[in-house]
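Structural description and commentary
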Amino acid sequence: VIKALYQNHAKDKRDNSIKSTDQFEIQKVTIAGDAMDVNLVIAEAPGFGDLDSSDVFDKIECYISSHLDSYFEAELSVNQSNISDTRVDACLYFLNHSGHGVKTRDMELLGRLHKLVTIVPIIGKADTCTRQEVDVFKQQILSQLSQNKISI
């Protein structure tokens, strides 16, 4: 996704010090800018909807929480000159356009994550839908998020 957005500006770099598993993959990408480079860490759970949710949910939540905790611990230390900010800034959450709203499994994970990270819901394959279908699904998403007190 990142490469598609930035085409030739993205330099794909795998960081071997970060673990990858079958269920949860971490990848570092650097996007070259005019004034400075932007370093992104992309945490991906491919096909998580096909897996037992609880294990993947725990891994995602633990990953985000551990980076928050590490940053806050560093902030409280006496020597703050070398703080590395590895917090997760946003969760790009791809939702399948099913016409039936957000799945219960997705809602459960969003409910666990919304207090830890900003969630950006993205309608997957929206380009295959009419504008009206996208608008209806967007309203369904917003309504369900509101009903479940999930902030985005």
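This text gives an overview of the structure that appears in the document. (Residues numbered from 1 in each chain as written. Predicted model: local features only at pLDDT ≥ 70, side-chain atom pairs only at ≥ 80, totals over all residues. Heavy atoms only, no water.)

**What to know about the overall build of the chain**
Our working rule: The helix count covers DSSP runs of H or I at least four residues long, the strand count covers runs of E at least two residues long, and both are numbered beginning at the N terminus. Only protein chains enter the accessibility calculation, which uses a 1.4 Å probe. A residue is then buried if its area is under 20% of the maximum for its type, exposed if over 50%, and partly exposed in between. Two residues form a contact once any of their heavy atoms are found within 4.5 Å. Shrake-Rupley sampling with a 1.4 Å probe provides the accessible areas, and residues are treated as covered by the protein chains on show and by no other component.
A tally of regular secondary structure across the chain gives four helices and five strands. When the elements of the chain are put in sequence order from the N terminus, they spell out α-β-β-β-α-β-α-β-α. The burial tally for the chain puts 27% of its 152 residues in the buried class. Here the analysis covers contacts within the chain between residues at least 6 apart in sequence; of these, 51% occur between residues at least 24 apart. With the model as given, the accessible surface of the chain reaches about 10,500 Å², and the carbon-plus-sulfur share is 49%.

**Considering the packing of aromatic side chains**
Note the threshold: The rule is short: rings of Phe, Tyr and Trp, with Trp giving its six-membered ring, pair when the centres are within 6.5 Å, and they are stacked under 30 degrees, edge-to-face over 60, tilted in between. Our definition puts a charge over a ring when NZ of Lys or CZ of Arg is within 6 Å of the ring centre and also within 35 degrees of the ring normal.
Under the defined criterion, the tally for this structure stands at one aromatic pair. Aromatic pair Tyr-71 and Phe-72: ring centres 5.9 Å apart, planes at 65 degrees, arrangement edge-to-face. Given a relative accessible area of 13%, Tyr-71 falls into the buried group. Positioned above the aromatic ring of Tyr-71 is the side chain of Arg-87, whose terminal nitrogen or guanidinium carbon lies 3.8 Å from the ring centre.

**Here's the deal with the pattern of salt bridges**
Condition: Put simply, a salt bridge is a Lys or Arg side-chain nitrogen that is within 4 Å of an Asp or Glu carboxyl oxygen.
Per the counting criterion, the structure on display carries four salt bridges. Across the pair Arg-112 and Asp-58 runs a salt bridge, and its minimum N-O distance is 2.5 Å. Of this pair, Arg-112 sits in helix α3 (residues 104-113) while Asp-58 sits in helix α2 (residues 53-76), and the two are 54 residues apart along the sequence. Here Asp-58 falls in the partly exposed class, since its relative accessible area comes to 40%. Close ionic contact of Asp-135 with Arg-131 constitutes a salt bridge, the shortest N to O distance being 3.5 Å. With Asp-135 and Arg-131 both in helix α4 (residues 131-147) and four residues apart, this pair spans about one turn of that helix. Through salt bridges that share partners, Asp-58, Glu-61 and Arg-112 make up one connected network.

**So, the nonpolar core**
Quick note on the threshold: The definition of a nonpolar core used throughout is a set of buried Ala, Val, Leu, Ile, Met, Phe, Trp, Tyr and Cys residues joined through side-chain atoms within 4.5 Å.
Within the largest apolar cluster, 25 residues are counted, with the highest numbers of intra-cluster contacts made by Ile-60, Ile-64, Tyr-93, Leu-113 and Ile-141. Mapped by element, the contributors of at least two residues to this core are α2, β4 (90-96), α3, β5 (118-124) and α4. With six residues, the top contributor of residues to this core is α2. Discounting residues that sit within four places of it in the chain, Ile-64 has contacts with Val-88, Leu-113, Leu-116 and Val-117.

**Thoughts on unusual backbone geometry**
Not every positive phi belongs to a glycine, and Lys-125 is a case in point at roughly 55 degrees. One can find Lys-125 in the loop between β5 and α4. Positive phi values are uncommon outside glycine, yet Lys-149 reaches one of about 55 degrees. Its place among the elements puts Lys-149 in the segment after α4.

Coordinates in, geometry out; function isn't part of it.
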